[in-house]
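# Architecture and fold: a report
Next come the chains, spelled out residue by residue.
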Amino acid sequence: MVINRLTWKIGGKAGEGIMATGMIFSQSCTRSGLYVYDISEYPSLIKGGHNNLQVRVEDREIFSQVKGVNIIIALNKETILLHKDELVNGAGIIYDSSEVIDPKEIRDNIRLYPIPFNNIIKEIGVQGIMKNNVALGASIALIDYDFGIVEKVIRDNFKRKGDKIIDENTRAARAGYDYIKNNFKNDFEYKLEKTGKPGRMILTGNDAICMGAINAGCKFYAAYPMTPASSILHFMAAQERRFNIVVKHTEDEISAINMAIGAGFTGVRAMTGTSGGGFCLMTEGYGLAGMLEVPIVIILSMRPGPSTGMPTWSEQGDLKFALNASQGDFPRPVLVPGDVEESFYLTQEAFNIAEKYQTPVIVLSDKNLAESHKSTDKFDTKKVTIDRGIYADAADLAASPDTTFFKRYKYTENGVSPRTIPGMKKGIYTAASDEHDEEGNIREDIDVRIKMMQKRARKMDSLAKELRQPELVGPHDADITIIAAGSTKGPIKEAMILLENEGVKVNYLQIVYLNPFPSEKVAKVIGSAKKTVVVENNFSGQLADIIKEKTGKDVDKRILKYDGRPFYPEEIFTAVKEVVTHG
Amino acid sequence: MVKMTDLNVIERPNWCPGCANFGILIALKGAIVELNIEPENVAMISGIGCSGKLPHWIRTYGLHGIHGRSLPVATAIKLSNNGLAVFTVGGDGDGYGIGMCHFIHTMRRNLDMTYIVHNNMIYGLTTGQTSPTSEKGVRTKSTPSGVIEVPVNPIALAISSGATFVARSFGGDVKHLQKTIVAAVKHRCLSFVDVFQPCVSFNNINTYDWYKQRVYDLQDAGHDTTDKIKAFTKSQEWGEHIPIGIFYEVLSPTYEDELPQIKDTPLVKQPIDKIDISGLMDDFV
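These numbers come from a predicted model, not from an experiment. (Residues numbered from 1 in each chain as written. Chains lettered and ligands numbered in written order. Predicted model: local features only at pLDDT ≥ 70, side-chain atom pairs only at ≥ 80, totals over all residues.)

## Comments concerning the overall build of chain B
Note the following rule: Under the scheme used here, helices are H or I runs from DSSP no shorter than 4 residues and strands are E runs no shorter than 2 residues, and both carry numbers assigned from the N terminus. Two things to know: the radius of gyration comes from C-alpha atoms, and the globule rule equals 2.2 Å times the number of residues to the power 0.38. Partly exposed residues are those whose C-beta has more than 12 but fewer than 20 other C-beta atoms within 10 Å; with 20 or more the residue is buried, with 12 or fewer it is exposed, and the C-beta atoms are placed from the backbone. By the convention adopted here, residues are in contact when the distance between their C-beta atoms, placed from the backbone, does not exceed 7 Å.
Looking only at helices and strands, one finds nine helices and eight strands in chain B. Rg of the C-alpha trace for chain B: 20 Å, near the compact-globule value of 19 Å for 285 residues, within the 12% margin. For chain B, the C-alpha atoms occupy an extent of roughly 70 × 45 × 40 Å along the three principal directions. Counting all 285 residues of chain B, 52% fall into the buried class. Contacts in chain B between residues at least 24 apart in sequence constitute 70% of all its contacts with a sequence separation of at least 6.

## Re the overall build of chain A
Scanning chain A from N- to C-terminus turns up 19 helices and 23 strands. At 26 Å, chain A has a C-alpha radius of gyration in line with the 25 Å of a compact globule built from 583 residues. For chain A, the spread of C-alpha atoms along the three principal axes comes to 90 × 60 × 40 Å. In chain A, which comprises 583 residues, the share counted as buried stands at 55%.

## A short note on helix α10 (residues 276-292) of chain A
Residue pairs spaced three or four apart in an α-helix point in one direction, given the helix's 3.6 residues per turn. Residues and elements named next belong to chain A. Heads up, the rule is: What a helix should span is 1.5 Å times the count of its residues minus one. Bend is computed residue by residue as the angle between axes fitted to the seven residues ending at the residue and the seven residues starting at it.
Along its 17 residues, α10 runs 23 Å from first to last C-alpha, staying within 8% of the 24 Å computed at 1.5 Å per residue. Met 282 marks where α10 bends most, by close to 55 degrees. With 13 of 17 residues buried, α10 is to be regarded as a mostly interior element. Once α10 ends, the next one or two residues include Glu 293, with phi positive near 60 degrees.

## Re the sheet that holds strand β6 (residues 191-196) of chain B
Here is the rule: A pair of strands counts as paired when DSSP detects no fewer than two bridges linking them. Note on geometry: axes are C-alpha line fits, over the in-contact stretch for helices, and angles between N-to-C directions span 0 to 180 degrees.
Sheet architecture is open: nine strands sit in the order β17(A)-β2(B)-β1(B)-β3(B)-β4(B)-β6(B)-β5(B)-β8(B)-β7(B), paired in mixed fashion. Each edge of the sheet is formed by a strand with only one pairing partner; in this case those strands are β17 (430-432) of chain A together with β7 (215-217) of chain B. With strand direction ignored, the average angle separating the axes of adjacent strands in the sheet is 20 degrees. The pairing of strand β5 (residues 165-170) of chain B with strand β8 (residues 242-249) of chain B spans four bridges and is antiparallel. Bridged to Ala 167 of chain B within β8 of chain B is Ile 246 of chain B. Strand contacts of helix α6 (residues 174-186) of chain B: β3 (85-91), β4 (114-119), β5, β6, β7 and β8 of chain B, with the helix running at about 165 degrees to β5 of chain B, the strand carrying the most contacts.

## So, the packing of helix α17 (residues 519-528) of chain A against helix α18 (residues 542-551) of chain A
Residues and elements named next belong to chain A. Rules: Convention used here: angles under 35 degrees read as roughly parallel, angles over 145 as roughly antiparallel, angles from 65 to 115 as roughly perpendicular, and any remaining angle as oblique. Each residue is assigned to one class: nonpolar for Ala, Val, Leu, Ile, Met, Phe, Trp, Tyr, Cys and Pro, charged for Asp, Glu, Lys and Arg, and polar for all the others, Gly among them.
The geometry of α17 relative to α18 is characterised by a closest axis approach of 9 Å and an angle of 105 degrees between their N-to-C directions. In terms of axis orientation, α17 runs roughly perpendicular to α18. On the side of α17, the interface is formed by Ser 519, Val 522, Ala 523 and Ile 526, while α18 contributes Ile 547, Lys 550 and Thr 551. Here the contact of α17 with α18 is composed, by residue class, of four nonpolar, two polar and one charged.

## Remarks on the nonpolar core
This is how the line gets drawn: The term nonpolar core refers to a group of buried residues, namely Ala, Val, Leu, Ile, Met, Phe, Trp, Tyr and Cys, whose C-beta atoms join them within 7 Å.
Ala 138, Phe 220 and Ala 260 of chain A together with Val 166 of chain B are the most contacted members of the largest nonpolar core, which has 244 residues in total. Aside from chain neighbours lying at most four places away, what touches Ala 260 of chain A is Phe 220, Ala 222, Ala 270, Met 271, Thr 272 and Ile 296 of chain A together with Ala 76 of chain B.

## Some remarks on the sheet that holds strand β19 (residues 480-485) of chain A
Residues and elements named next belong to chain A. Spatially, the five strands line up as an open sheet ordered β18-β20-β19-β22-β23, and their pairing is mixed. Bordering the open sheet on either side are β18 (472-473) and β23 (557-560), each of which pairs with just one other strand. In the sheet, strand β22 (residues 532-536) pairs with β23 via four bridges, with the strands oriented parallel. By the bridge assignment for β23, Val 535 is matched with Ile 559.

## Some words on the interface of chain B and chain A
If you look at the interface, chain B gives 46 residues, while chain A gives 59 residues. Ranked by residue count, the leading element in the side of chain B that touches chain A is helix α2 (residues 70-80) of chain B, at eight residues. Counted by class, the side of chain B that touches chain A contains 28 nonpolar, 13 polar and five charged residues. One ladder, built from three bridges, connects β17 of chain A with strand β2 (residues 61-64) of chain B; its direction is parallel. For Ala 432 of chain A, the partnering residue across the bridge sits in β2 of chain B and is His 64 of chain B.

## Concerning the domain arrangement of chain A
Residue and element names in this part refer to chain A. Going by this rule: An automatic or database domain assignment supplies the start and end points of every domain.
For chain A, the assigned domains are domain 1 (2-199), domain 2 (203-376), domain 3 (394-466) and domain 4 (472-582). Taking only C-alpha atoms into account, the centre of domain 2 sits 26 Å from that of domain 3. Every contact between the two is made by 15 residues of domain 2 and, on the other side, 13 residues of domain 3. Only α9 (253-266), α10 and α12 (340-357) provide two or more residues apiece to the side of domain 2 that touches domain 3. Here the side of domain 2 that touches domain 3 gets three residues from one element, more than from any other, and that element is α10. Classifying every residue of the side of domain 2 that touches domain 3 by side-chain character gives nine nonpolar, four polar and two charged.

## Examining the confidence of the model for chain B
Condition: Along the chain, pLDDT gives the predictor's confidence residue by residue, from 0 to 100.
Chain-level statistics for chain B give a pLDDT mean of 97 and a share of 100% at 70 or above. Both confidence scores are given for the complex: pTM 0.97, ipTM 0.98.

## Here we look at the pairing of strand β5 (residues 69-74) of chain A
Residue and element names in this part refer to chain A. Defined as follows: When the strands point away from the viewer, a crossover counts as right-handed if the path from the first strand over the helix to the second runs clockwise.
Burial of β5 is extensive: six of the six residues sit out of reach of the surface. The pairing of strand β2 (residues 5-14) with β5 spans four bridges and is classified as parallel. Looking at β5, one finds that Ile 10 is bridged to Ile 73. The β-α-β motif built from β5, the intervening helix α2 (residues 77-83) and the parallel element strand β6 (residues 87-96) has right-handed crossover chirality.

## Some words on helix α19 (residues 569-582) of chain A
All names here are of chain A. Compared with an ideal rise of 1.5 Å per residue, which puts 14 residues at 20 Å, α19 spans 20 Å between its outermost C-alpha atoms and is within 8% of the ideal. Those residues of α19 lying buried are Pro 569, Ile 572, Phe 573, Ala 575 and Val 576. Turning to α19, the residues buried within the fold contact β19, α16 (489-501), β20 (506-511), β22 and β23. Following α19 by one or two positions, Gly 583 has its phi on the positive side, about 80 degrees.

What follows is the structure in structure tokens.
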């Protein structure tokens, strides 16, 4: 018997309520103090196609999905055929008894739980769409979990839809639960038990980014829908009246970034969000924000390219794009959160950096982090304090003559010039996309050009001094050092546990600030490590290239994956062990 | 009271001598003075082109952005501080070519701001290529055998896109232009003014004289500005007689009016240091 360690999966056609059912399962687990991590797979279409959601549950904090499924709800036969090889010994399949399953197709040690969904639905008199609730209830019975918690979650989730809907959903789940209890022995090997500990939030990276933005005082969000950034737009729009935020679904991404710039120029904390294709359209605006020295935050949530690529899958293929987008040289801070918590805190930090250094800041995420749910403790909302940077003071303004523009782009030691915003008397200036002098007048003189380029560049030097250096996690005398950025953090942490269990000493350096890059620290770590690998979700090893560019050093091995799927801890374990053993 | 000199800057505009942009700049300043809007409460937004440089030569807040993208910038400025008087100026290439998508959406969005297009029917700053408003057959550097397409009709397009104030004026008649801009700003909705702007360097067809012989004022002709169909009919007049003045003017709730978030306090004045997300976090447990 295995208690409180299992992976639950549900699969079927798009539009069958798979994600909603999975969320009820996840919430039912976390309400009793268990930890969850989920991963969804879905094609870019609305009805039909194959969708699935996998929820891993344990009684310790977990950081990623793992291989091996213990219980699967197959809402159609295709789900069984596609996922049967993922099932561990003793796993169970819950499926519609009207499907004809050839026992030869299924391994002997897999248990079958056929359920007459249609009969049950007819008997209790609910709509056909409730099939997934029947199946959910059945899975709860199988793992012997407390149905009362599920009932409560259903009630909370459908509160707004009224008693009739709550009642139908609950009865459907209960009927599935009873069917298993009445027709099968209670001998399923995998069980869940309540821990009695308090519940936690279940959040995606995108949820955390939005909470971070709202907590940081973001008042303006403009975006055009694009997976996997669309849920940021939905979240912000849903909260716009509660927190007084203006959210604009624009005509395109060009408009979105230019609107963010307009809001930033006016003195409002502003953000936009997109994926690679949308960011292609934003690149000119990105440079404009750099030139005008207007603070904005850009969420760039990666998916596999090139072009439309694989819209609903994951990749880390835009690292170099983010670092180099738009013409010319200007400060381009790029922050890369590795998990849900960092998505919250780094988004707030992005707003501070944007305003302190008056420049656009990119937060680089990916589908895997953006859309996977993780149990998360409530955030410390006071940890990152708001820093709005330098505004012109009364003396600055008084000293400004009435006949000229304010020196908005004054040459300063750290490159940051005191800001003014429309409405401030004597702070008047025109921000120019052309090269300009301290007052914003268009200038093409040699000395102005050189001084102004250097002024903007100094901001990056000042920022580099302020940022935290990455920390090496794990033993200092490790056999091997993993270097990575972004959402690979979860599976790497899980892989480290597996490696330690096998006696492999491993440590991990997470790059959080891709720019300004912590060159010295990374060079030092590579210099003193026995062996180094990068783990990246892209084809070429972009992070390894950046490391080479910034430090002159090569890593020993690039562990790469570019099939649209995130790394599983087991894959990293195998690849790292191979490097340790065979070099 | 705001004076013309309050809006002056030391630097002189570097437009070609005789350019109608000078007339537009004078009319714009005159309108701001007439309406007594404090310069610090004006945001003058532009894109790229000869007209795009205008914000550098009037002492108000300005943002001289990238080609064709001035309207989204202006929109967000208005949404961020709805106490500001927001103007967007730009050329026919900027607004009807590269920025056409934003033009249509801004018309239907109906924020309380003013969009003035310096329409010279040619690309001036890039030294004389065809523009979206160049007439069919016109030979330019990029169309040596003559333009093949028919021109964009900005007036008809604005009306059909849902604009609530649609006017045309002429850079050679500063008095008419100032009067039109004043009416545009007073209109408590999105106002669009297309301005005939003779380009003395690259357009030797649509000259000052060419316009003077053809334009007549709709308001002198007793045009009913509240009738959308009549406005559309007038927008089709071209040739020997070309109407200027207000084609269409109706009031409807602005985009800002529909946002309770900024009903009492502009976004920029809302404090951000005491935002409490604890309830939001509870929603996710």
